Amino acid sequence: MEGIAVISSKNEKLDALKAQASKQGALVRQLKADGAEHTRVTSAVEVLKKLKIAVEAEESKDSEPDFDREGLDSILLRRMVVVPSFEIHGGEKGLFDFGPVGCQLKDNILSIWKNHFILHESMLQIECTCLTSESVLKTSGHVDRFTDNMVKDPSTGACYRADKLLEDHIERLLEKKEVLADEEKVMEYQRIFRQADAYSVQELHELIRYKFEIKSPDTGHELSEPFPFNLMFATTIGPEGTSRGFLRPETAQGMFVNFKRLLDYNGGKLPFAAAQIGLGFRNEISPRAGLLRVREFCMAEIEHFVDENDKSHPSFSDVADLEITLFPSDRQLGDGKMISAKVGAAVEHRIIGNETLAYFMARTHLFLLKIGVNPKKLRFRQHLPTEMAHYASDCWDAEVHMSYGWIECVGHADRSCYDLVQHSNATGIDLVATRKLPEPKVLDIAAAKIQKGLIGKAFKKEAAAVLGYLDDIQMRPDEALALESKLNSNGETDLELDGETYKIERKMVSFTKATKTIHTETYYPHVIEPAFGIGRILYAVLEHSYYEREEEGEKEKKKDKGKQSKADVKRAVLGFKPVVAPVKCAVFPLQKKDEYVAKVNQLTKLLISSNLSTQNDVSSVAIGRRYARMDEIGVPFALTVDLDTLEGKGPTVRERDSTEQVRVPESELVMVLTNLCNGLQTWEQMVSKYGLIQASTE
């Protein structure tokens, strides 16, 4: 197909095995959903386990060099980029604090996100409360279905996520020599480990209680049977304790319940998009993997409301020729190969369901590249039919490959009109839009003559409900004329509304047959939802930016002779793109003399006043060590004040990744650095203009 190409693989066998495992996993999920016989399910699961073992074995032959996660973690802690919350009190799993560098990095990512999406697409940004009433989340399904399986230590009340407890136990077993000596046992334990999150409650109970006899990690006592645990943080609203609420698990519901006001603000026009940035909360039983699975997290979500009959996008042509990496569901179940596709071709060949969904996938691709995600480690994976929500018509996850594997960072879903319908049904408020009909329609109606004064006097506060009903049934002529017949026969009739009975008298209302020509109709809009996990995206940027380089180190003592020597050392670098770097510039004096330091302070103030975040370092350590300090927190440009600077020739400017330097006149400094940091000019252009210089070591 034109515009679509299969991505060649280094390991065809691995692709085929992964495809078989995906297909078998889909079969297992379908059998369980269909309530198939236990023997069929067990047999299918055994096949899946064997395939997963084969995949792992093949992956071990084809693995890339291990990412130095320990080195990155060291920088994150030592430079207070991201640290555990309440650390001096022992910390709390799944909660993290952002330090100065982490805060600014997160702010920069969000600022770029807002410009890239909200500003560029003229979206309607709102901010809703994190505290959400139970009725909202009951309607959305979170109260009943937002669960994981948990076990409890009855003696202490301590809780553990059942599948993670099983995984941890198996990991410890696989460290024992007697287990490692038994190849069959190793393979069996590895199968169970990989399948841990797919077991049913009963299967988990049998494995934990009987097969492995797993006890409480803290007390050694027997654990309870697994049971579903709702992941939302529950609370009460108000001092009475009668109104139940939750900390929201997502920001989307706030946009759905405000749809009517947003539509009014937009002049009743569709399509339009609402956007929200805010915190979500999930009471993870066993948080792990740093920022990838936490209990409090920042989300940026978009709800794009569109006519179900027209999911085209006016700006689609802007991205139609963009090539992105796709992993369609049929490929996952087939040959296991990803494809490179132009966005336009993917829609044309129905790989992606519609233009609007594809448009936002393309915009997400561009956003992630803009902030520093490696394009070779980015793909869009389509949900398999067995993992798709029942109300969704198409879903694609933007997955980023990190040291933990392929991690979902952005979800893209065509959610149909499910949420608006659910909230409409629960509240009686029609969350609908209006569209013009191709041709006018003539409808049979029952025109009502309503005596509002009499109804108001008779029913007082309840009059609104009665008036609303009588007005609505004009469009249901059979129902209205049946009511008219009862009034004619008896002079009055009882009306049942929401469990209340109202006595309607003949003098209050009358109906007559009529026709009405309508030019518009109401409908429930469909929703295209891109949902961004900012914490996961931030961690992806950190991993993809981190590298080590060897360079000539400082003079170091040899232990055996106590002499000074030069040694090659590894320097850790966070190679942030300038646009996202927390600190844009560093300024150093080459010598710690008053006139040098004064010039450093002057330049620092100049850059900060020009909205370029800047730090200086006037310590007496070697200039190379000061560069290294700034490299660790990702500062892209370092200015050095030397003798030529004091003589009016401008400071030297060092680029972090190449370590090249140019000298820039002070009068052009702000313009040059602003252009570099905003991506308006490249370092190569600066080198071409100013020429490279040899770093001064006076």
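Please read all numbers here as calculations on a predicted model, not as lab measurements.

Overview of the overall build of the protein
- Within the protein, the regular secondary structure consists of 25 helices and 29 strands.
- By its C-alpha atoms, the protein is 115 × 70 × 60 Å across when sized along the principal axes.
- Residues counted as buried form 46% of the 698 residues belonging to the protein.
- Taking contacts inside the protein between residues at least 6 apart in sequence as the whole, the part at least 24 apart equals 67%.
- Looking at the protein as shown, the accessible area adds up to about 35,400 Å², and 49% of this sits on carbon and sulfur atoms.
- Within the protein, the 107 negative side-chain charges are centred at a point lying 2 Å from the centre of the 92 positive side-chain charges.

Describing the state of the cysteines
- Evaluation of the coordinates by the stated rule reveals zero disulfides.
- For Cys298, which is in no disulfide, the shortest distance to another cysteine sulfur is to Cys130 and amounts to 10.0 Å.
- Note on Cys298: relative accessible area 10%, which makes it buried.

What to know about the sheet that holds strand β14 (residues 339-342)
- Across the sheet, 10 strands lie side by side as β1-β14-β13-β15-β16-β17-β22-β12-β11-β4; this open sheet has mixed pairing. Every other strand in the sheet has two partners, leaving β1 (4-6) and β4 (124-125) as the edge strands with one partner each.
- Of the strand pairs in this sheet, strand β11 (residues 272-281) and strand β12 (residues 296-306) are connected by 10 bridges, and their pairing is antiparallel. Considered in β12, the bridge of Phe272 is made with Phe305.
- Taken strand by strand, helix α15 (residues 355-371) contacts β12, β13 (323-327), β15 (378-382), β16 (394-402), β17 (405-414) and β22 (526-533), and its axis lies near 145° from that of β17.

Thoughts on the pattern of salt bridges
- Applying the stated criterion to the full structure yields 33 salt bridges.
- One salt bridge in this structure joins Arg379 and Glu399, with 2.8 Å as the shortest N-O distance. Of the two residues, Arg379 sits in strand β15 while Glu399 sits in strand β16, which places them 20 residues apart along the sequence. Residues Arg379 and Glu399 agree in their burial class; the two are buried.
- As a salt-bridge pair, Arg435 and Glu521 come within 3.0 Å of each other at their nearest N and O atoms. In this pair, Arg435 sits in strand β18 (residues 433-450) while Glu521 sits in strand β21 (residues 509-523), placing the two residues 86 residues apart along the sequence.
- By sharing partners, the salt bridges in this structure join Arg161, Asp163, Glu284 and Arg293 into a single network.

Points about the packing of helix α7 (residues 162-173) against helix α10 (residues 201-211)
- Packing of α7 against α10 leaves a shortest axis separation of 11 Å and a crossing angle of 40°. Of the two elements, α7 crosses α10, and the hand of that crossing is left-handed. Together, Ala162, Asp163 and Leu166 of α7 and Leu204, Leu207 and Ile208 of α10 make up the contact between the two elements.
- Of the residues assigned to the contact of α7 with α10, the class counts are five nonpolar, no polar and one charged.

Some thoughts on empty space enclosed by the protein
- By the definition in use, this model includes one cavity of 30 Å³ or more.
- Here the largest cavity is characterised by a volume of approximately 40 Å³.
- A per-element tally of the lining of the largest cavity places α10 first, with three residues.
- Considering only residue class, the lining of the largest cavity consists of five nonpolar, two polar and one charged.

Examining the sheet that holds strand β6 (residues 147-152)
- The three strands are arranged β7-β6-β8 in an open sheet whose pairing can be described as antiparallel. Strands at the two margins of the open sheet, each flanked by one partner only, are β7 (159-161) and β8 (227-230). If you compare each strand with its neighbour and ignore which way they point, the axes differ by 55° on average.
- Note: β6 against β8, four bridges, orientation antiparallel.

Remarks on a negative patch on the surface
- A surface patch of negative charge is lined by Glu462, Glu496, Asp498 and Glu500.
- Structurally, Glu500 can be placed in strand β20 (residues 500-505).

A look at the side chain of Arg363
- Tracing the chain through its elements places Arg363 in helix α15.
- For Arg363, a relative accessible area of 9% corresponds to the buried category.
- Polar contacts involving the side chain of Arg363 include one to the side chain of His120, which spans 3.4 Å.

So, the nonpolar core
- With 79 residues, the main nonpolar core has Trp113, Leu326, Ile352, Phe367, Ile371, Phe532 and Leu542 as its most contacted residues.
- Leave out the neighbours within four places in its chain, and Ile371 touches Ile109, Ile112, Ile537, Val541, Lys577 and Val580.
- Grouped together as the second largest cluster of nonpolar side chains are 22 residues, Tyr596, Leu612, Leu639 and Val653 included.

Looking at unusual backbone geometry
- Following Leu270, the chain continues into Pro271 via a peptide bond in cis, with omega recorded as 0°.
- If you trace the backbone, Pro271 turns up in the loop between α12 (259-265) and β11.
- Of note, Phe86 is a non-glycine position whose phi angle comes to about 55°, a positive value.
- Relative to the elements of secondary structure, Phe86 occurs in the loop between β2 (82-84) and β3 (96-98).
- Looking at Phe86, the relative accessible area reads 51%, which means it is exposed.
- Phi at Lys460 is positive, roughly 50°, even though this residue is not glycine.
- The topology assignment puts Lys460 in the loop between α17 (452-459) and α18 (463-472).

Things to note about the packing of aromatic side chains
- Counted by the stated rule, this structure contains 17 aromatic pairs.
- Look at Phe259 and Phe305: their rings are 4.9 Å apart centre to centre, the planes differ by 55°, and that puts the pair in the tilted class. Of this pair, Phe259 sits in helix α12 while Phe305 sits in strand β12; the two residues are 46 residues apart in sequence, bridging distant segments of the chain. Phe305 shares its class with Phe259; the two are buried.

So, the pairing of β20
- Relative to β20, strand β19 (residues 492-497) is paired through six bridges, and the arrangement is antiparallel. Within β20, the residue paired with Asp494 across the bridge is Lys503.
- Following β19, the chain reverses through two residues before pairing antiparallel with β20; Asp498 in that reversal takes a positive phi of roughly 50°.

As for the side chain of Gln382
- Relative to the elements of secondary structure, Gln382 occurs in strand β15.
- Setting aside residues up to four positions removed in sequence, Gln382 forms contacts with Phe327, Pro328, Ser329, Gln332, Ile351, Glu387, Asp394, Cys395 and Trp396.

Overview of the confidence of the model for the protein
- Averaged over every residue, the pLDDT of the protein is 89; the share at 70 or more is 94%.
- Segment residues 553-567: pLDDT under 50, and 27 contacts once partners within four positions in sequence are set aside and those in other chains are kept.

As for the packing of α17 against α18
- Where α17 meets α18, the axes come as close as 8 Å, and the angle between the chain directions of the two elements is 140°. Between α17 and α18, the interaxial angle falls into the category oblique. Side by side, α17 and α18 meet where Lys452, Ile455, Gly456 and Phe459 of the first sit next to Ala463, Val466, Leu467 and Leu470 of the second.
- When the residues that make up the contact of α17 with α18 are grouped by side-chain class, the tally is six nonpolar, one polar and one charged.

Cut-offs applied
Residues numbered from 1 in each chain as written. Predicted model: local features only at pLDDT ≥ 70, side-chain atom pairs only at ≥ 80, totals over all residues. Heavy atoms only, no water. Helix = DSSP H or I, 4+ residues; strand = E, 2+ residues; numbered from the N terminus. Buried < 20%, exposed > 50% of the residue type's maximum accessible area, 1.4 Å probe, protein only. Contact = heavy atoms within 4.5 Å. Areas by Shrake-Rupley, 256 points an atom, 1.4 Å probe, with all protein chains shown as cover. Lys, Arg positive; Asp, Glu negative; His and termini not counted. Charge placed at Lys NZ, Arg CZ, Asp CG, Glu CD. Disulfide = S-S within 2.5 Å. Pairing = 2+ DSSP bridges. Axes fitted to C-alpha atoms, helices over the stretch in contact; angles between N-to-C directions. Salt bridge = Lys/Arg side-chain N within 4 Å of Asp/Glu carboxyl O. Left-handed = near helix turned anticlockwise from the far one by under 90°. Nonpolar A, V, L, I, M, F, W, Y, C, P; charged D, E, K, R; others polar. 1 Å grid on protein atoms, 1.4 Å probe; cavity = no way out; pocket = protein on both sides within 12 Å on 5 of 7 lines; lining within 4 Å. Points joined across faces, edges and corners; volume = space filled by probe spheres on them. Patch = residues over 30% accessible without salt bridge, like charges linked within 9 Å, V, L, I, M, F, W, Y side chains within 5 Å. Polar contact = N/O pair within 3.5 Å; in protein donor to acceptor, adjacent residues only side chain to side chain. Core = buried A, V, L, I, M, F, W, Y, C linked by side-chain atoms within 4.5 Å. Phe/Tyr/Trp six-rings, centres within 6.5 Å; stacked < 30°, edge-to-face > 60°. pLDDT = per-residue confidence, 0-100. Parallel < 35°, antiparallel > 145°, perpendicular 65-115°, else oblique.

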